[in-house]
Amino acid sequence: MHEPHTRLDKWLSTLFLYTEKLVLVIVGGLALIGIGELIWKIYQLRDIRLEDLLMIFIFIEIMAMANVYFLRRSVPFTYPMFIAVTALSRLIVLQGKENGSEGLLYESGAILIISLAILVIRFSQQFSTDAIERREAQEDRHE
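Residues numbered from 1 in each chain as written. Predicted model: local features only at pLDDT ≥ 70, side-chain atom pairs only at ≥ 80, totals over all residues. Heavy atoms only, no water.

Undergrad: So what exactly am I meant to see when it comes to helix α3 (residues 78–95) here?
TA: Every α-helix carries 3.6 residues per turn, so stepping three or four residues along brings you back to the same face. Taking 1.5 Å of rise per residue, the 18 residues of α3 would be expected to cover 26 Å, and the 26 Å separating its terminal C-alpha atoms lies within 8% of that figure. Turning to α3, its buried residues are Thr78, Met81, Ile83, Val85, Thr86, Leu88 and Ile92. (Helix = DSSP H or I, 4+ residues; strand = E, 2+ residues; numbered from the N terminus. Expected span 1.5 Å × (residues − 1). Buried < 20%, exposed > 50% of the residue type's maximum accessible area, 1.4 Å probe, protein only.)

Undergrad: What is the right way to look at the nonpolar core in this model?
TA: Soluble globular proteins: nonpolar side chains tend toward being buried together. Judged by nonpolar contacts, Ala31, Ile35, Leu38, Ile42, Met55, Ile56, Ile58, Phe59 and Ile83 together constitute the single largest core of nine residues. Listing elements by their share of this core, those giving two or more residues are α1 (7–45) and α2 (50–72). When near neighbours in sequence (up to four residues on either side) are disregarded, isoleucine 56 contacts Ile35, Leu38, Ile39 and Ile42. Core analysis: the second largest hydrophobic core is formed by eight residues, Leu88, Ile111, Ile114 and Ile118 among them. (Core = buried A, V, L, I, M, F, W, Y, C linked by side-chain atoms within 4.5 Å. Contact = heavy atoms within 4.5 Å.)

Undergrad: What exactly am I supposed to notice about the side chain of threonine 86 here?
TA: As for its placement among the helices and strands, threonine 86 is situated in helix α3. Side-chain polar atoms of threonine 86 contact the side chain of glutamate 61, separated by 3.2 Å. Among residues more than four places away in sequence, those in contact with threonine 86 are Leu54, Phe57, Ile58 and Glu61. (Polar contact = N/O pair within 3.5 Å; in protein donor to acceptor, adjacent residues only side chain to side chain.)

Structure follows, in structure tokens:
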């Protein structure tokens, strides 16, 4: 049997909800500051490097992930995976040939595994209960 929510439960839920929102705003703000610092560094050095651009993309993806959470109240599991792929790509660019071919193989393999996981997750989402219910609802509206 489901117990009714107590006053304390509601208060704690509200506290965590607003704390969560505050932390997400802070994360988004820090990502924006990070982008600003990278652009300032590029301007000062008058040198645009691939690793800086990849880092900007990582910050943009973090901001997008925070934004999606505000819009949907959840973050698709694939967003952090995309960030991981970008971070691994940046690592490959930064290390270049210094790490040897073995390190490059591991990092490339990790990118491949994460990419395959993203494909599996996206493919499996087509067959989830929510997706089936949405399709049925759309079909009912079109009849």
